[in-house]
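Chains, contacts and geometry: an overview
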Amino acid sequence: MQTMEFSAEQIAGLINGRIIGDGKTVITGVSPIENGQQGHLSFVGQSRFSNHIDTTECAVLIVSENLLETRDYKPVIIAVEDAYISFQVLMNLYQEMQGRKTGIEEGSFFHDTAQVGEGVYIGAFTYVSEKAKIGDNTQIFPHVYIGKGVKIGKNCKIDSGARIYDYCIVGDNCVIHSNTVVGGDGFGFQPTADGFKKIPQLGNVIIEDDVEIGSNCSIDRATIGSTIIGKGTKIDNLIQIAHNVKIGQHNVIASQAGIAGSTIIGDWNQIGGQVGIVGHIKIGNQVKIQAQSGVNSSAKDGETLYGSPAINYSDYRRNYVHFRNFTDIVKRINDLENKKSE
Amino acid sequence: MQTMEFSAEQIAGLINGRIIGDGKTVITGVSPIENGQQGHLSFVGQSRFSNHIDTTECAVLIVSENLLETRDYKPVIIAVEDAYISFQVLMNLYQEMQGRKTGIEEGSFFHDTAQVGEGVYIGAFTYVSEKAKIGDNTQIFPHVYIGKGVKIGKNCKIDSGARIYDYCIVGDNCVIHSNTVVGGDGFGFQPTADGFKKIPQLGNVIIEDDVEIGSNCSIDRATIGSTIIGKGTKIDNLIQIAHNVKIGQHNVIASQAGIAGSTIIGDWNQIGGQVGIVGHIKIGNQVKIQAQSGVNSSAKDGETLYGSPAINYSDYRRNYVHFRNFTDIVKRINDLENKKSE
Amino acid sequence: MQTMEFSAEQIAGLINGRIIGDGKTVITGVSPIENGQQGHLSFVGQSRFSNHIDTTECAVLIVSENLLETRDYKPVIIAVEDAYISFQVLMNLYQEMQGRKTGIEEGSFFHDTAQVGEGVYIGAFTYVSEKAKIGDNTQIFPHVYIGKGVKIGKNCKIDSGARIYDYCIVGDNCVIHSNTVVGGDGFGFQPTADGFKKIPQLGNVIIEDDVEIGSNCSIDRATIGSTIIGKGTKIDNLIQIAHNVKIGQHNVIASQAGIAGSTIIGDWNQIGGQVGIVGHIKIGNQVKIQAQSGVNSSAKDGETLYGSPAINYSDYRRNYVHFRNFTDIVKRINDLENKKSE
């Protein structure tokens, strides 16, 4: 864990809190309340965690005012209106305090014709190809591959081992985690009697602003045109986005999901873990797809889907209850037949 | 997107087409016809896309002769017998024009005892271990790891971040995409009372000619002997091939599928996305396995499978229709029972 | 395949075996018995493989005494009590003979404040950040990223392209395969009207002793606190372990499984390939989860689960038999209804 050293007073100052106890008490880390560690900071924002206030090993707790009584507590208390929000504010401040890396580290490969903005970090062993452009304050960690003519916007973070292939475009404020591959060839082959002949994959990938993509994802380039990940969409780890897929804004896609070629996805959808979506269909807006579902036909706005192939969520659940009782159901049919033949 | 500059005349010359309009018109990119962009080239090969001919923003269209009338068109037309095929020919020519990289880039690690053929490219930060051999005209991009005694054939392309471990063999004309791991240890452990004891994984992986493997795949080495990917087989992204699996020729395996240890797969099979195949079984030839299926027993030539566990495709579909109506079916049984007891 | 050269005598000496035939015979590799190659060593430990003893191409076979007759054989035989165990002993000895790499290779990046123990190997292009500590006899192959303050124990092997992010801890005797990412950000976002706001992920990952993690896995850091992989647990390839998951000791998790956030898993469980486990549940000890199952509620010690959503294994199997016969079952209901209405 990261080491940090702050006094209760300092913390209270940042989140405008009221101290109960010794404001000089110093914390050296943060813990979840269920597993508080000595000398750490944690928070209690819901009454179901209130029992931890008196038993925690933590030195300092941020607690919502409405959960407090007028008495002394073992840990130092920082009373605030909403402990959860205050804790988030604090963690964001803390992360900002860590600062950004800047500068081009020795041992990176940087083509003469590549351009970088101000305040950029390029880690050792990162390879930046010809005519690539990297925007202000973007951090590119070690071992990244940036292909020809790639454009990356401002304030991005590209983690170690990510690969961004030729002519792909990344917007502002994007995060791409380790070992994710953006712009690999789409899986396109022409069957012939002698075998499969590769169809050239000449398009690119466009990642709009405020997108986050987890680790070990594969986002393939379009055959022609662009594979698109829309503004604000968040993609977890180990996810497959095939060629020519177009994903709209503010979608959340959980780990190990896969979306096949040319499918179009709207805005504000929630796609569960290990979901598969076939190619060439349309998913509307605000659709929820349960984990492990297999979607093989288009979905309208607001639908909730489940199963493989996926159907309406409630129907699947109800039918699955019958599936669980299938042996009993068959017995009932046996009984009916037996009575009939009597 | 890549920038390109060709006149309609140049393009017509390459594909033996007839120009309708101004042959000097220059295109600067290619677009899919549904989303044609100004100054771009596209194609219309099917009548259902004919309506785009008059409305497209594209500057130049390749169109099949049978879709054309004798009149003027807004875009410049290049008339050919089959627009789809001509477009593919063109895209292949274009890709060849891009050329190959050659030479050993400064900053790569190349063991004294490793050998390379002619016209090879080795990117910066690529590591080539002792006694590795790399065939003529093969391109190995930056950040690749090539283990001891690895043999790679001619005309291959190994993308940034691929790892090819000790003693693995790759044939001619293979493509291995970014961050794919060839020859990691198989998952073999001996259970003991104290825990699991690793079984040494001393075999290798053999990848035959004309194989393409997508990004972020894991192809494990055999415990002893070889894991084999047969000639012409195409493997998409994020796929697991376990130790001692043997895959025949000209198979197509879609994204996120997994094949467990020692399973043997024949030729010309189609394995859908997210399919799981258990270990120690045999899949014949020309078998089709629908996406998300779980195959837990051997399959004969020509079968089509679906479901988890997988059964005959048509049976699964028919039974799943009943599953969707399960609540109605149970009502019918209730009715029968009620009438009975009347 | 690795080349090796040992005489039958040398091998017999290592495993205390009795030679039948010419002890000077030299082997140059090992083969599985089903596919024995000329000049190779193999073994026969079960009577169902006895037929290979006379037909194999192998030069030398290790055979269990009870499978042998008193006669001559074509291959040289090394008779031992249990051929399987003797072969394992031999393969382990062989692997140890290969030795470990040591030394810090030129071309690695090593921060001034990082510390290494004795006998450590750091490959070229590996990046070791400030205040990282690496224990004795640990091997870190090329292209690895080690973040700030990371601690790695003794006798570990970290393969090419693995990424271990800031403040993560790895115990002794661990193996982390290529391109696995340990300590990437957990997938945590706060929904707002304008889009999803990132929740800082400030915890770490703790990997206890004797853990092996395959290639292309994603093990996310905790939001606060630690994601934990317990002692002796073995994780296959392409696996997702989300933030704040706690996995106990001696679990085996097969390829492409995924475990969602904050779930707690006990000891000695077997989790099949492509299994999904939802967040915030508890899995006990010695639970078996069949491949492709979707576990969405807590499981008690010793349960065996199957299906999506997962239910008791035997129930799922029995119900699935009815599912396979669903069309017949519906016909039976039709018949009952028809007879009724007659």
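Structure: see above.
Figured I'd write up the structure that's included with this text. Predicted model only: the values in this text are computed from it and were never measured.

Let's shift gears to the packing of helix H4 (residues 313-324) of chain A against helix H4 (residues 313-324) of chain B. In contact at an axis separation of 9 Å, H4 of chain A and H4 of chain B are set at 105° when each is read in the N-to-C sense. When the axes of H4 of chain A and H4 of chain B are compared, the pair comes out roughly perpendicular. For the pair formed by H4 of chain A and H4 of chain B, the contact residues are Tyr 316, Asn 319, Tyr 320 and Phe 323 of chain A on the first element and Tyr 320, Phe 323 and Arg 324 of chain B on the second. Taken together, the residues that form the contact of H4 of chain A with H4 of chain B break down as 5 nonpolar, 1 polar and 1 charged.

Another point: the interface of chain A and chain B. How large an interface is tends to be reported as the accessible area lost when its parts come together. On the side of chain B, 57 residues touch chain A, which itself brings 69 residues to the contact. Carbon and sulfur atoms make up 58% of the area that chain A and chain B hide from each other, which totals about 5200 Å². Contact with chain B buries area across many residues of chain A, yet Phe 187, Phe 196 and Leu 202 of chain A alone supply 14% of it, more than any other trio. Seen at the junction of chain A and chain B, the total is 2 salt bridges. Of the charged contacts, one joins Lys 198 of chain A and Glu 212 of chain B as a salt bridge, the two residues approaching to 2.7 Å between their closest N and O atoms. For the pair chain A and chain B, the interface holds 36 residue pairs in polar contact (both at pLDDT 80 or more). Within the residue set of the side of chain A that touches chain B, elements represented by two or more residues are strand E22 (189-192), strand E23 (195-198), strand E26 (218-220), H4 and helix H5 (326-341) of chain A. By residue number, the principal contributor to the side of chain A that touches chain B is H5 of chain A, which donates 7 residues. Tallied by class, the residues present in the side of chain A that touches chain B amount to 30 nonpolar, 29 polar and 10 charged.

What follows concerns unusual backbone geometry. In this chain, Ser 308 of chain B is followed by Pro 309 of chain B through a cis amide linkage whose omega measures 0°. Considering the arrangement of structural elements, one finds Pro 309 of chain B in the loop between strand E39 (304-306) and strand E40 (311-312). With a phi close to 50°, Gln 286 of chain A is a non-glycine residue in the positive phi region. Of the residues examined, Gln 286 of chain A reaches a relative accessible area of 56% and is grouped as exposed.

Scoring rules and cut-offs
Residues numbered from 1 in each chain as written. Chains lettered and ligands numbered in written order. Predicted model: local features only at pLDDT ≥ 70, side-chain atom pairs only at ≥ 80, totals over all residues. Heavy atoms only, no water. Axes fitted to C-alpha atoms, helices over the stretch in contact; angles between N-to-C directions. Helix = DSSP H or I, 4+ residues; strand = E, 2+ residues; numbered from the N terminus. Parallel < 35°, antiparallel > 145°, perpendicular 65-115°, else oblique. Contact = heavy atoms within 4.5 Å. Nonpolar A, V, L, I, M, F, W, Y, C, P; charged D, E, K, R; others polar. Buried area = accessible area lost by both parts, 1.4 Å probe. Salt bridge = Lys/Arg side-chain N within 4 Å of Asp/Glu carboxyl O. Polar contact = N/O pair within 3.5 Å; in protein donor to acceptor, adjacent residues only side chain to side chain. Buried < 20%, exposed > 50% of the residue type's maximum accessible area, 1.4 Å probe, protein only.

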